[in-house]
Amino acid sequence: MNSQDLSRVTMKTKRLTLREFQDADLAAVHDYAQDAETTKYLEWGPNTLKETTVFLNESLGFQKEKPRVTFDMAIIADSDARLVGACSVTIIDKRKNIAALGYVLNSKFWGHGYATEAANALAKFAFEELGMQKIMATCDALNFGSESVMKKIGMQKEQKLSKDKFIKGSYRDTLVYSIERAVWMQKNSADVAQ
Ligand SMILES: CC(C)(COP(=O)(O)OP(=O)(O)OC[C@H]1O[C@@H](n2cnc3c(N)ncnc32)[C@H](O)[C@@H]1OP(=O)(O)O)[C@@H](O)C(=O)NCCC(=O)NCCS
């Protein structure tokens, strides 16, 4: 555990690099954050440039936390070094070692398996580097793409919260998914053995 420096985290996957945000990411982050389709099921957005700047500054601030709680990561496609989206791991319960995952892709890059690839790397990081016992993720019940990503990384549905959010003018249901450490470890050791 903790084989990497948690003050500057990087994760590599087959096609992606997940790295912490930089000031220079503003334009690429705003490209998806200002998009109504991308933010349709999210509690934020579509953003003004000022709102995206506040988000980015907050993310840069998280890098200075001691100990770290939130890891907001840019998703970079290795093929052309473009920022294609963002993802995050947040320790939501330090005592019980529970973390939450999040992800958002620029709609230009949907459907390439990037979110699944990134979410798998986040889960690996949360269990293997942060020592989490459980990771969770939530999505709007109508956000089938996001639910599919959760299922694809091995998460199971825990509950459906009914009309628990009021977003962009309508009441929304939320799906809560999770995976426990033992299940993740078993699944991934089985994958390695195949
Ligand atoms: C949800 C999101 C992250 C998926 O990103 P992505 O990179 O396109 O996802 P993947 O390519 O890894 O797809 C994973 C699976 O979801 C399916 N999927 C993706 N979008 C879908 C949609 N709108 N409806 C149904 N299934 C969908 C894919 O077909 C794939 O399954 P398959 O491999 O069996 O074909 C992306 O659409 C997004 O950023 N949406 C806006 C932000 C958001 O909703 N974030 C999640 C917040 S909870």
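These figures come from a predicted structure and were not determined experimentally.

1. As for the sheet that holds strand 8 (residues 170-180)
Picture the strands of a sheet paired through backbone hydrogen bonds; they go either parallel or antiparallel. The strand order 1-2-3-4-5-6-8-7 describes an open sheet built from 8 strands, whose pairing is mixed. In this open sheet, the two edge strands, each paired with only one partner strand, are strand 1 (10-12) and strand 7 (156-167). Along the sheet, successive strands turn relative to each other by an average axial angle of 25°, direction set aside. Relative to strand 4 (residues 82-93), strand 3 (residues 70-77) runs antiparallel, the two sharing 8 bridges. Opposite Ala77, over in strand 4, you have Arg82 as the bridge partner.

2. Digging into helix 2 (residues 49-62)
Spanning 14 residues, helix 2 covers 20 Å between terminal C-alpha atoms, matching the ideal 20 Å at 1.5 Å per step. Thr52, Phe55, Leu56 and Ser59 are the residues of helix 2 that are buried. Within helix 2, the buried residues cover an arc of 95° as seen down the axis, which keeps them to one side. In helix 2, the exposed positions that point more than 90 degrees away from the buried face belong to Lys50, Val54, Asn57, Glu58 and Gly61. Residues of helix 2 that are buried in the fold lie against helix 1 (26-33) and strand 3.

3. Quick look at the site of the ligand
Neighbouring residues of the ligand: 21 residues in total, closest Ala115, Thr116, Cys139, Gly145 and Ser148. Every element with two or more residues in the shell around the ligand is listed here: strand 5 (98-105), helix 3 (114-129) and helix 4 (144-152). Among the elements that make up the shell around the ligand, the one with the highest residue count is helix 4 (6 residues).

4. Regarding the packing of helix 1 against helix 2
The geometry of helix 1 relative to helix 2 is characterised by a closest axis approach of 10 Å and an angle of 120° between their N-to-C directions. With respect to their mutual orientation, helix 1 and helix 2 come out oblique. Relative to helix 2, the crossing made by helix 1 is right-handed. The residues of helix 2 that touch helix 1, namely those facing Leu26, Val29, His30 and Ala33, are Leu49, Thr52, Thr53, Phe55 and Leu56.

5. Some points on the environment of Lys40
Among the secondary structure elements, Lys40 is positioned in the loop between helix 1 and helix 2. Judged by the 14 C-beta atoms lying within 10 Å of it, Lys40 falls in the partly exposed class. For Lys40 and Gly111, which are 71 residues apart along the polypeptide, the C-alpha to C-alpha distance reads 17 Å.

Reading the values: rules and limits
Residues numbered from 1 in each chain as written. Predicted model: local features only at pLDDT ≥ 70, side-chain atom pairs only at ≥ 80, totals over all residues. Pairing = 2+ DSSP bridges. Helix = DSSP H or I, 4+ residues; strand = E, 2+ residues; numbered from the N terminus. Axes fitted to C-alpha atoms, helices over the stretch in contact; angles between N-to-C directions. Expected span 1.5 Å × (residues − 1). Buried ≥ 20, exposed ≤ 12 C-beta atoms within 10 Å, placed from the backbone. Arc of directions from axis to C-beta. Contact = placed C-beta atoms within 7 Å. Near = placed C-beta within 6 Å. Parallel < 35°, antiparallel > 145°, perpendicular 65-115°, else oblique. Left-handed = near helix turned anticlockwise from the far one by under 90°.

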